[in-house]
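# Geometric and topological summary
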2 protein chains.
Amino acid sequence: MGDVARAAGVSAATVSRALRGEPGVSASTRAHVTEVARRMRYAIARDASSLAGGRRYAVAVLTTDVGQRTWGDVLAGAEGALRASGYDVLLYVVGDEAARAGFFEELPLSRRVDGVLVLSVRLREHEAALLRELPVPVVTVGEGAADDSPDLPGSLDLAVRHLVGLGHRDIALVLADSTAAWSSSAEDLDETYQELLGSAGLASRPEWLVWCSPTVVGGEEAVAALFDGQDRPTALIASSGEAALGAFMRLRRDGWAVPEQLSIVSLDGHDIARAVGLTAVEGAAREQGERAVHRLLARIQTQDAAAPELPTPAGAALVERGSTAPPPAV
Amino acid sequence: MGDVARAAGVSAATVSRALRGEPGVSASTRAHVTEVARRMRYAIARDASSLAGGRRYAVAVLTTDVGQRTWGDVLAGAEGALRASGYDVLLYVVGDEAARAGFFEELPLSRRVDGVLVLSVRLREHEAALLRELPVPVVTVGEGAADDSPDLPGSLDLAVRHLVGLGHRDIALVLADSTAAWSSSAEDLDETYQELLGSAGLASRPEWLVWCSPTVVGGEEAVAALFDGQDRPTALIASSGEAALGAFMRLRRDGWAVPEQLSIVSLDGHDIARAVGLTAVEGAAREQGERAVHRLLARIQTQDAAAPELPTPAGAALVERGSTAPPPAV
DNA sequence: TTGAAAGCGCTAACAT
DNA sequence: ATGTTAGCGCTTTCAA
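Residues numbered from 1 in each chain as written. Chains lettered and ligands numbered in written order. Predicted model: local features only at pLDDT ≥ 70, side-chain atom pairs only at ≥ 80, totals over all residues. Heavy atoms only, no water.

### Side note on the interface of chain A and chain B
The cut-off we apply is this: Throughout, a residue-residue contact means that at least one pair of heavy atoms, one from each residue, lies within 4.5 Å. Throughout, buried area stands for the accessible area (probe radius 1.4 Å) lost by two parts on being put together, summed over both. The working definition used for a salt bridge is a side-chain nitrogen of Lys or Arg within 4 Å of a carboxyl oxygen of Asp or Glu. N or O atoms closer than or at 3.5 Å make up a polar contact, with two conditions inside protein: a donor-capable atom paired with an acceptor-capable one, and, for residues adjacent in sequence, both atoms drawn from side chains. Helix and strand definitions here come from DSSP, where helices need a minimum of 4 consecutive H or I residues and strands a minimum of 2 consecutive E residues; each element is numbered from the N-terminal end.
Listed by partner, the interface residues are 38 residues for chain A and 36 residues for chain B. Across the interface of chain A and chain B, roughly 3,600 Å² is buried in total on both sides, 57% from carbon and sulfur atoms. Taken together, the links from chain A to chain B amount to three salt bridges. A salt bridge links Asp47(B) to Arg56(A), with the nearest nitrogen and oxygen atoms 3.8 Å apart. Linking chain A to chain B there are twelve residue pairs in polar contact (both at pLDDT 80 or more). Put simply, the parts of the chain that give the side of chain A that touches chain B at least two residues each are α4 (46-53), α5 (69-84), β2 (88-93), α10 (216-226), α11 (241-253) and α12 (271-276) of chain A.

Written out as structure tokens, the structure is:
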């Protein structure tokens, strides 16, 4: 930085101010400094900047699952938004218990990031508590998040409306969780589900809310459980594309006609749903990531003021394919 | 750190040494200091440490695709290995052209990381050149990487052997690329494919090497092209699970019998392959990520010495399911 | 609008 | 084996 300052004929302080867009530098000086810096291929050293300035320009993204389409897209959206705002993304994958335990024990974020984004992790009580104690804002996205879950309900709502519009009254929900173990907050989602059905004038049945892993196998197992009983739903909503595919395939294998006997909606609109022909709610994942980042950044900039409530997902829509139809006549 | 030093009755330098496992501290002192630090919930400030020490304890991971199973697993493996070695993971997603161009223009890594891991990105000439100019080691994993591609050939080999063992002689290869545009280095893989077939005593046909996107749709399109012509292979190897699924479904839809008329092997052994019943090579992805990290760390620690050659993938194996059989009698 | 000086919290020589 | 002394490369008062 000294070199740039000398080359530009100003002081280091001015270079710093100019390059960061701080006020108090004349337009001409700023232009000149910027140009010199560019020519010399100079970039501010983050470490030193953070050390001196106290801001780290980095956020931690905590996730259980890279490699799953929806969360991958959320992550991609978040990464893009963060990058665009000049923040680095520190990725923490806590997929297995060992890594997870290690993470929460060390909680290595304290002095490394300005904020934390939690994706697809169903936090347990004590984990949520640990995170809350951090001196930086934490924003959570996803199923069963204690903090909020602004988007799953939105998509769910779209799906329920669609099915109800077709005449369904017996709607099951397969919720894919990104982690095998979860806290008691699962009850919260139970409520969400019931409320949604209730507001549509339908009765909900606890046994029709099934949790599974966000995998093809998870979907298979879920419907196996669901269709084992006497009372069978006429429609099924799955929160993960993989689970939806599993459900779809399992049902077909077992001789069920889709959509004649059973309708399926995936809340995850991706390749798989498209290829297999599943009706799906599409387009929310990236936006979800982006919006979460905006919430987080807002809190970072206002020094952790309460997160402003933002509207529910833009751009999500239900795409009708072959897997939904009116319920069979009784 | 000063506080800890005072509380422990030693100097800051000793605390620093003790906490980092540096030699030159008596065992008892180290234990004491460690304990005091734990009690005080003290953790070294990375910024200051980096600034003073010159090491950043962070590596950049560059990828086009989070959300695809295989690369997601490679990423997870890499993240775990990095974390275990005390390195932070800076994630850069360059999925779309805009982000990609931006990244290579800024090349924001210069003074932020100790090394770069490139996953699933088919680098173009000038991009590879830019990366090579960085003052830190760069390790590349994946298809068509200029640097190396130690694992795809291994899996491919397993698949080819299996098919040859079944009597196949006409084997097509569907290679999924994680980016739509790629450099001329695609020719390299052409060669790998030909060599593999050649070493098995088979003739290769250039038109049976098909590139596609790593998606279900990509797989569908690839086989559509492949089965359009007169000369049709009796077996197909797909490098991505999604593409394999697409190929499988498309072929079935078009009335082909799998595996009677055509065998399919996926080089990507995941949920999908398992659920659909595709023969697949399994278990290499995480290890690939881990091994890449070890190569990278070795180069970081030896100050960029040439990467030691490591053996080909451990743990990869072909799992036979329903999608392969001897070729139809002529 | 700009510059000078004083750290930010560590690590690394160099002592001891 | 441990302590002392300089910085690392910035940002930020404070003064001009």
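### Notes on the packing of helix α2 (residues 12-20) of chain A against helix α3 (residues 27-39) of chain A
Residues and elements named next belong to chain A. Inclusion rule: Lines are fitted to the C-alpha atoms to define the axes, a helix being fitted only along its stretch in contact, and any angle between axes, read from their N-to-C directions, falls within 0 to 180 degrees. Reported orientations rely on four angle classes, namely roughly parallel under 35 degrees, roughly antiparallel over 145, roughly perpendicular from 65 to 115, and oblique for the rest. Nonpolar residues are Ala, Val, Leu, Ile, Met, Phe, Trp, Tyr, Cys and Pro. Charged residues are Asp, Glu, Lys and Arg, and all others, Gly as well, are polar.
The geometry of α2 relative to α3 is characterised by a closest axis approach of 9 Å and an angle of 90° between their N-to-C directions. Put simply, α2 runs roughly perpendicular to α3. Of the residues in α3, those in contact with Thr14, Val15, Arg17, Ala18 and Leu19 of α2 are Thr29, Arg30, Val33, Thr34 and Ala37. Its residues assigned to classes, the contact of α2 with α3 shows five nonpolar, three polar and two charged.

### What to know about the sheet that holds strand β10 (residues 317-319) of chain B
All names here are of chain B. As a reminder of what qualifies: In this scheme, strands are said to pair when DSSP sees at least two bridges between them.
The six strands are arranged β6-β5-β7-β8-β9-β10 in an open sheet whose pairing can be described as mixed. The strands lining the two open edges of the sheet, one partner per strand, are β6 (209-212) and β10. The average angle at which neighbouring strand axes cross in this sheet is 20°, direction not considered. The pairing of strand β5 (residues 171-176) with β6 spans four bridges and is classified as parallel. Residue pairing across strands places valine 174 opposite valine 210, the latter belonging to β6.

### Observations regarding the protein's contact with DNA strand D
In plain terms, the rule: What makes a residue near a molecule or strand is one non-hydrogen atom of that residue sitting within 4 Å of it.
Among the 26 residues in the neighbourhood of DNA strand D, the closest are listed as Met1(A), Ser16(A), Tyr42(A), Ser11(B) and Thr29(B). The contact atoms of DNA strand D, taken as those within 4 Å of the protein, divide so that sugar and phosphate hold 68%. Within the contact set of DNA strand D, a phosphate oxygen lies 2.6 Å away from a side-chain nitrogen or oxygen of Thr29(B). Broken down by secondary-structure element, the contributors of at least two residues to the surface near DNA strand D are α2 and α4 of chain A together with α2 (12-20) and α4 (46-53) of chain B. Residue classes in the surface near DNA strand D are distributed as twelve nonpolar, nine polar and five charged.

### A word on the relation of the copies chain A and chain B
Quick reminder of the rule: Here the copies are superposed with least squares, the fitted atoms being C-alpha atoms of residues at a pLDDT of at least 70 in both.
With an RMSD of 0.2 Å, the fit of chain A onto chain B corresponds to turning through 180° and sliding 0.1 Å along the axis. Taken together, the rotation and translation relating the two chain copies correspond to the operation of a two-fold axis. By C-alpha distance to the rotation axis, the residue of chain A lying nearest is Gly67(A), at 1.9 Å. The fraction of interface residues of chain A whose copies in chain B are also interface residues reaches 95%, indicating that both copies meet through the same surface.

### Re the protein's contact with DNA strand C
Surveying the vicinity of DNA strand C reveals 25 residues, the closest of which are Thr14(A), Arg17(A), Thr29(A), Ser16(B) and Tyr42(B). Taking the atoms of DNA strand C that fall within 4 Å of the protein, sugar and phosphate contribute 71% of them. Contacts to DNA strand C include Thr14(A), whose side-chain N or O atom sits 2.7 Å from a phosphate oxygen. Between DNA strand C and Arg111(A) there is a distance of 2.9 Å, counted from a phosphate oxygen to a side-chain nitrogen or oxygen. Counting residues per element, the ones that place at least two in the surface near DNA strand C are α2 and α4 of chain A together with α2 and α4 of chain B. Counted by class, the surface near DNA strand C contains twelve nonpolar, eight polar and five charged residues.

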